[in-house]
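Spelled out, the chains give:
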Amino acid sequence: MAGSGLKDGILAGKTAFVAGASSGINLGVAQAFARAGAKVALISRSAEKIEAAARTITDEGFEAIGMAADVRDYAAVEEAMRQAEGKLGKFDIVLSGAAGNFVAPALGMSANGFKTVVDIDLIGTFNVLRASYQFLNRPGASLISITAGQGARPSMYQAHVCAAKAGINMLTKCLAMEWGPAGVRVNAISPGPIEDTEGMRRLAPSDEAEQRIKARIALRDYGTKTDIAEAAIFLSTESAKYITGTIMNVDGGSELGDAGGSAIPDGF
Ligand code: NAP
Ligand code: COA
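Residues numbered from 1 in each chain as written. Chains lettered and ligands numbered in written order. Predicted model: local features only at pLDDT ≥ 70, side-chain atom pairs only at ≥ 80, totals over all residues. Heavy atoms only, no water.

*Asks:* Outline the site of ligand 2, listing residues and values.
*Replies:* Residues in contact with ligand 2 amount to 16 residues; listed here are only the nearest, Arg45, Asn101, Ser110, Asn112 and Arg202. Between an oxygen atom of ligand 2 and a side-chain N or O atom of Ser110, the distance comes to 2.5 Å. For the shell around ligand 2, the elements supplying multiple residues, two or more each, are helix 4 (111-132) and helix 6 (198-203). In terms of residue count, the dominant contributor to the shell around ligand 2 is helix 4 (four residues). Tallied by class, the residues present in the shell around ligand 2 amount to four nonpolar, eight polar and four charged. (Near = heavy atom within 4 Å. Polar contact = N/O pair within 3.5 Å; in protein donor to acceptor, adjacent residues only side chain to side chain. Helix = DSSP H or I, 4+ residues; strand = E, 2+ residues; numbered from the N terminus. Nonpolar A, V, L, I, M, F, W, Y, C, P; charged D, E, K, R; others polar.)

So this is what it looks like as structure tokens:
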């Protein structure tokens, strides 16, 4: 099915490296990058899962490779990138989205529980972005981290995720300043609740919880993986050539706060 899909050809000739891509939002973005014309390299911890994920792309007739690498292991990430560069060429796009989450009060979380999420999300993002620098097509490369609303807003039972994603937001801005002079743009996308994802299965495991969340979002719905892919593609094109250091909310207005209740009073 080569040549059908989102923004056909807009990323033709480009290579993308996507971390945390065996499922969910990041796999959706990797698939969209491929449909838009990019060659894609994917990593996650599980060889079986990431090879299956890459096959979903090659089965559509696009070029993709999947490799096992844990983002907490800098040497493993660097080695995967070396192999990806050898097969697909230097990277025009790097997306760092590996993450872990569970719902737990701080007092129900061991030091290792807190550290595990900070290691995957924040240290992992540093590892991916830092290791990628030597493999980037410079100038012109677009680096994108996947953060979350927890990075800007405190949240009950999410101390680990809030701390990690806030760190990603600040890392995004620091690297944008340091690498901008080399023509490397560094941005983050902050998705709101996205349907059919592991993240929302963990955060809102019941239909009732899902309805409660939707009722408080300005646009009154969950987003889709395609919504995030559209933003990632935009950030990777010439249209975004003057955008760096941005945390782009793709969240239906979640970041604005609780929009619950009868938003428009009777008579208006
Ligand atoms: P997901 O399907 O569980 O995706 C997480 C991915 O990270 C998986 O592919 C997992 O693959 C990989 N991963 C986990 N630990 C890793 C490690 N140490 N090294 C390498 N890869 C690792 O979850 P999702 O809900 O789609 O979330 C994707 C991203 O969006 C995350 O950054 C999340 O914080 C963000 N986000 C999600 C939502 C939402 O509504 N779902 C909202 C806001 C932000 P393996 O198990 O194969 O390693
Ligand atoms: N509540 C409290 N602590 C928890 C927990 C929970 N629900 N789940 C895990 N932990 C703790 C563990 O007890 C352990 O701490 P300990 O050694 O002091 O007991 C620590 O977290 C690490 O757990 P472990 O299972 O060894 O980590 P891992 O590296 O294999 O897995 C996780 C990482 C825990 C984040 C796991 O949930 C995961 O792999 N998540 C990826 C998918 C995901 O979260 N998707 C949503 C993205 S938004």
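*Asks:* How would you explain the packing of helix 3 (residues 74-88) against helix 4 if you had to name every residue and give the values?
*Replies:* Closest axis-to-axis distance for the helix 3/helix 4 pair is 9 Å, and the angle between their directions is 40°. When the axis of helix 3 is compared with that of helix 4, the two are oblique. Seen from above, helix 3 lies across helix 4 with right-handed handedness. Across the interface between the two elements, Tyr74, Val77, Glu78 and Met81 from helix 3 touch Asn127, Val128, Arg130, Ala131 and Ser132 from helix 4. A breakdown of the residues in the contact of helix 3 with helix 4 according to their chemical character gives five nonpolar, two polar and two charged. (Axes fitted to C-alpha atoms, helices over the stretch in contact; angles between N-to-C directions. Parallel < 35°, antiparallel > 145°, perpendicular 65-115°, else oblique. Left-handed = near helix turned anticlockwise from the far one by under 90°. Contact = heavy atoms within 4.5 Å.)

*Asks:* So what's going on with the pattern of salt bridges? Residues and values would help.
*Replies:* Overall, the coordinates contain 15 salt bridges when judged by the stated rule. The salt bridge involving Arg35 is made with Glu60; its shortest N-O contact spans 2.5 Å. Here Arg35 is found in helix 1 (residues 24-35), whereas its partner Glu60 is found in the loop between helix 2 (47-58) and strand 3 (64-68), with 25 residues between them in sequence. Note on Arg35: relative accessible area 24%, which makes it partly exposed. A relative accessible area of 14% places Glu60 in the buried class. For Glu198, the salt bridge is made with Arg201, and the minimal N-O distance between the two is 3.4 Å. Pair noted here: Glu198 and Arg201 are both in helix 6, with a separation of three residues, about one helical turn. Accessibility expressed as a relative area gives 46% for Arg201, which makes it partly exposed. The network of salt bridges with common partners includes Asp196, Glu198, Arg201, Arg202 and Lys225. (Salt bridge = Lys/Arg side-chain N within 4 Å of Asp/Glu carboxyl O. Buried < 20%, exposed > 50% of the residue type's maximum accessible area, 1.4 Å probe, protein only.)

*Asks:* Please give an account of unusual backbone geometry that cites residues and values.
*Replies:* With an omega of -5°, the peptide bond running from Arg138 to Pro139 counts as cis. Phi is positive for Arg220, which is not a glycine, with a value near 60°. The topology assignment puts Arg220 in the loop between helix 7 (207-216) and helix 8 (225-235). Residue class for Arg220 comes out partly exposed when judged on its relative accessible area of 33%.

*Asks:* I'd like a description of the pairing of strand 3, backed by residues and values.
*Replies:* Buried residues dominate strand 3, accounting for four of its five residues. As paired strands, strand 2 (residues 39-44) and strand 3 are joined by five bridges and run parallel to one another. Its bridge partner being in strand 3, Ala41 is matched across the sheet by Ile65. (Pairing = 2+ DSSP bridges.)

*Asks:* Let's hear about the side chain of Gln158: which residues, and what values?
*Replies:* Position of Gln158 relative to the elements: it lies in the loop between strand 5 (142-146) and helix 5 (159-179). Its relative accessible area of 2% is what places Gln158 among the buried residues. For Gln158, the side chain forms a polar contact with the side chain of Gln150, separated by 2.8 Å. Setting aside chain neighbours within four positions, we find Gln158 in contact with Asn101, Phe102, Val103, Ala104, Gln150 and Leu203.

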